[in-house]
Every structure is written in C-alpha cells, then in structure tokens.
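# Structural features, examined
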Amino acid sequence: MKNHAKKKLNREAETTLSLVRPLAEVIRRELREFVIGQGMAALGQMLEEERTRLCGPAYGRGHGRRPSRAGSAQGELVMGGRRVRVKRPRVRDEQGEVALPCWEDFSAADPLDDRALEQMMVGVSTRKYERSLEPLGADVPERGTSRSAVSRRFKAITEKRLHELLSRDLRKLPMAAIMIDGIHIDEHVILIALGIDEGGQKHLLSLWEGATEHHKVCLSLLNNLVGRNLDVQRSTLFVIDGSGALRKAIRTVFGEYALVQRCQVHKAKNVRDHLPKEMQQSVRKAMRDAYQARSVPAAKTRLLALAKQLATEHPGAAASLREGLDETLTVKAMGLTNSLERTLSTTNPIENLNGGVRDVTRRVKRWRGGSMILRWVAASALDRQKTFRRLRGYRDMPTLVAFLRRNDTRLHTDIDQATEVA
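Because the structure is a prediction, the values reported are computed rather than measured.

Another aspect to go through is the packing of helix α8 (residues 277–291) against helix α9 (residues 296–311). With their axes 8 Å apart at the nearest point, α8 and α9 run at an angle of 160 degrees to one another. When the interaxial angle is binned, α8 and α9 end up roughly antiparallel. Only Ala299, Arg302, Leu303, Leu306 and Leu310 of α9 make contact with α8, whose side of the interface consists of Met279, Val283, Ala286, Met287, Asp289, Ala290 and Tyr291. Class assignment for the residues of the contact of α8 with α9 results in ten nonpolar, no polar and two charged.

Quick look at the structure:
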C-alpha cells in the first residue's frame, strides 16, 4: 500500500510539473519582453531629456543660437550582442547635425566587438553565435548576428589587439625575467615571450610567427622587444627550454646582460629520450634530487657523477646531460628561496599559458595562413592574461632583483676598466 501511495504521489507531482513548466516559460518570456520594453522606453526618455537640455522644451520659443529639434530618424544601438533598430531624436544647429552624448555611448561598437571576442574564446562558433544570445522578442528589429558579420568583427578586433600588443611601449615595465617558448600550430611555430616584472607579476610581451624556431625568427622576436624600448643593458634572467637558436639569439641581442636558465624539466626529458624505458624513472629521480641540492657545486658534482655512470652504456644520454649543464643551475647560484628557485628553474609558467592557447586554438578546423594563427594566439593569450597571478615565490623577488643589479655593477665596472686600458 505504501508503494502504491508513493507512486500515486509521484504521478501527481509529474502532472503538476508538466502544467507548471509551460506556464513558467510564458512568464519568463513575458518578463523578458517587459524588461526590454521598459528599457527601450527609458532610453527614449533619456534621449528626449538630452534634446530638451540642448534645444529647450518642445514648442517653446527660440532661445538665441540654441540648436533646434529636427524630428527623428532610424538608428541602431548595441544590445545583447547584436544591433537593434530604434528611432532616435535629431538635433541640428547652423553647422549641421548635433550628436546626443547618450546616443553616442549606446551606439558604440566596442561592446559588440567584445561580446563577439568573448563568445569565440569560450568556444561558441560563428555559425552558432546567434543561438547563444538571449532572444529580444519579435518586436525588436535586429541584425549583426550572422556568421559573416561575427567573423568580420572578430577579425577586426583581434587584428587591433595584436597590433596593440606588438607596439606597446615597454620602457616603464621593469623586467626581471623573460620566459620564451614556442607553440606549434598547423605548419607554423609561434614564439611567445612572457615577462615577469620586479614585483613578480606576469605580462604577455610579444608573439612572433615562423616556420621553425630558427635563429632569425628568435632574433626577430627579441628585436621587437628592443624596438619597444626593452633595456638591453640591464641584466635580465631568460628562462628557455634549451633551444640552441633561441640561446644564440639571446646572446646576440643582450650579450653578457642575459643570464640564461635552461629548463630543468626539458633537460630531464631530453636525457630520458636517450634511455630505455626501464631506466627512465630512476634517472629522472636522480636528476631531480641533484637539482634540489643546497649548492651549485653539490648539484654539479651529482649530475656529473650520473653522466659518468651513463657514459659507457648510454653515451647519448650522458652527452645530453653534460650539454648546457651549467645553465640548468643558473638560478641556484642566486641565493633565492626554494619556492622562487623552483619556479624560475623551469618554463612551467609559460607552459600554463601555452596550454590555455592550445585549448582555444584546437577548436579551429581550418587555418588560413600565419596571420590568422597569430590573431587567434594573441586573442587567446590576452584572454588568458586576465587570470594571471603573481609568480609563485614572488615575495623573494627583491633577492633576484638585487642579484641582477649586482651583475649590472660588475659588467659596468668591467666595461670601464676595458675602456681605460684601451
């Protein structure tokens, strides 16, 4: 009996819900239309009040050289990610039409561009853009939601953002460290430069496109930074994955003012790639333990001992371990806290940025050249920048900055002494 009563209650509840749901949808639709209608009416009142302030009351006497009322005309405003057609009041003076400030604000295209960009970043395709918007009602004429219109807006705003990124002046941005890494998309490589200022805040600095991580491509990226007033005579820590082309370009542009840290994670991976699977885990642990040693000499001794053990059976792994070994310990010599040392010993911060870029760009089914790739990478990286947090261990950044400034003093002293000898 209890089960029978329970089933009866469930059936009654389902019947009630089936009646309530359509009613709720009607109420929701009517409420939305009411709010939109009241909003349009309020806008019309605001515009008319502005016209009254400029021209005086309707049917009133003329007041000197005041602008005059000139009827109304059809116009368009941005609302809910599209353009809607509304009647706008007109004002004229001796020079011609006078713009109403309120109308200028509401008709600006910026919110429309921002909405299109945001929709693309969260995964809405241009084909489905219109479906993603809240309906306004049949009484509100609208446009600007077609696939082609959204594509044009997206292209225009991403071109603008890319130009702003590549031309931003870096003079007032004191960089302590720069991380550079490449991301492969289609048949192109996009180099990304992530800056870390003296307070530990991260900044997207630049992007550069090429077919490979060639020396000239890396040089172009760095020259773009220098052309935007990044100081080349101020010591900076560069954290890279070990690319020889990138390493050479950094030395060409920054010389002795560049302190290069090779990513320890990439180095361990390069060594493991030369080993059979059964040895990879133990060698990885040995390298990790060595990098966690208290001093540079201790770490170097342990790494060289590991290379010696590998040399007979796996000479390729030993050679990979020895190659650039000192540069994997650059940060350890700076006397930083463990937290900041671990953070700056790898390219993990820029890898996180690259992961966000890949999440967005992998949705694109067909690429139409490097320019399109650059625009999408810039848009997704700038979107990711909104969530940037300070570098882990940022409270010890003054120690890093002090080390860099001491290096500046040493280099300047060496230059002065060389000049005196000459």
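Turning next to unusual backbone geometry. Phi is positive for Asp186, close to 55 degrees, though the residue is something other than glycine. Tracing the chain through its elements places Asp186 in the loop between β5 (175–185) and β6 (188–197). Overall, Asp186 belongs to the exposed group, its relative accessible area being 55%.

This paragraph deals with the packing of aromatic side chains. Per the counting criterion, the structure on display carries two aromatic pairs. Centroid distance Trp367 to Trp376: 6.4 Å. Interplanar angle 90 degrees. Geometry classified as edge-to-face. Of note, Lys202 hangs over the ring of Phe388, and the distance from its end group to the ring centre comes to 5.6 Å.

Here the focus is the nonpolar core. Ranked by size, the top nonpolar core spans 44 residues in total, and within it Ile192, Leu207 and Leu344 carry the most contacts. For this core, the element with the highest residue contribution is helix α13 (residues 370–385), accounting for nine residues. When residues no more than four places from it in sequence are discounted, the contact partners of Leu344 are Met179, Ile196, Leu237, Val239, Gln261, Val331, Leu336, Leu391 and Leu400. Counting residues in each nonpolar core, the second largest holds 25 residues, with Leu205, Leu230, Ala245 and Phe254 among its members.

Here the idea is simple: oppositely charged side chains can pair when their charged atoms come close. Within this structure, the stated rule accounts for 15 salt bridges. One salt bridge connects Lys267 with Glu323, and the closest N-O pair in it is separated by 3.3 Å. On the criterion of sequence distance, the pair formed by Lys267 in helix α7 (residues 264–272) and Glu323 in the loop between α10 (315–322) and α11 (338–344) is long-range, its members being 56 residues apart. Overall, the relative accessible area of 42% leaves Glu323 in the partly exposed class. As a salt-bridge pair, Lys285 and Asp289 come within 3.0 Å of each other at their nearest N and O atoms. In this pair, Lys285 and Asp289 both sit in helix α8, four residues apart, roughly one turn of the helix. Residue Asp289 is classed as partly exposed on the basis of its relative accessible area, which comes to 24%. The structure contains a network of salt bridges with shared partners spanning Arg247, Arg262, Lys267, Glu323 and Glu327.

Here the focus is the sheet that holds strand β7 (residues 202–210). One open sheet accounts for five strands, arranged β7-β6-β5-β8-β9; its pairing is mixed. Unpaired on one side and paired on the other, β7 and β9 (258–262) mark the two borders of the sheet. Sheet twist, expressed as the mean angle between neighbouring strand axes with direction ignored, is 20 degrees. One ladder, built from eight bridges, connects β6 with β7; its direction is antiparallel. Counted as the bridge partner of Ile196 is Lys202 from β7. Here helix α6 (residues 244–254) sits on the sheet in contact with β5, β8 (236–240) and β9, set at roughly 165 degrees to β9.

A separate point is α10. For α10, the set of buried residues is Ala317, Ala318, Ser320 and Leu321. Across the axial projection of α10, the buried residues extend over an arc of 160 degrees, all falling on one side. Along its buried surface, α10 packs onto α7, α8 and α9. Trailing α10 by a residue or two, Gly324 shows a phi angle of about 65 degrees, which is positive.

A separate point is the pairing of β7. Counting buried positions along β7 gives seven out of nine residues, so the element sits mostly inside the fold. As consecutive antiparallel partners, β6 and β7 are separated by four residues, and within that stretch Gly200 has a phi angle of approximately 90 degrees, a positive value.

What counts and how
- Residues numbered from 1 in each chain as written.
- Predicted model: local features only at pLDDT ≥ 70, side-chain atom pairs only at ≥ 80, totals over all residues.
- Heavy atoms only, no water.
- Axes fitted to C-alpha atoms, helices over the stretch in contact; angles between N-to-C directions.
- Helix = DSSP H or I, 4+ residues; strand = E, 2+ residues; numbered from the N terminus.
- Parallel < 35°, antiparallel > 145°, perpendicular 65-115°, else oblique.
- Contact = heavy atoms within 4.5 Å.
- Nonpolar A, V, L, I, M, F, W, Y, C, P; charged D, E, K, R; others polar.
- Buried < 20%, exposed > 50% of the residue type's maximum accessible area, 1.4 Å probe, protein only.
- Phe/Tyr/Trp six-rings, centres within 6.5 Å; stacked < 30°, edge-to-face > 60°.
- Lys NZ or Arg CZ within 6 Å of the ring centre and 35° of its normal.
- Core = buried A, V, L, I, M, F, W, Y, C linked by side-chain atoms within 4.5 Å.
- Salt bridge = Lys/Arg side-chain N within 4 Å of Asp/Glu carboxyl O.
- Pairing = 2+ DSSP bridges.
- Arc of directions from axis to C-beta.

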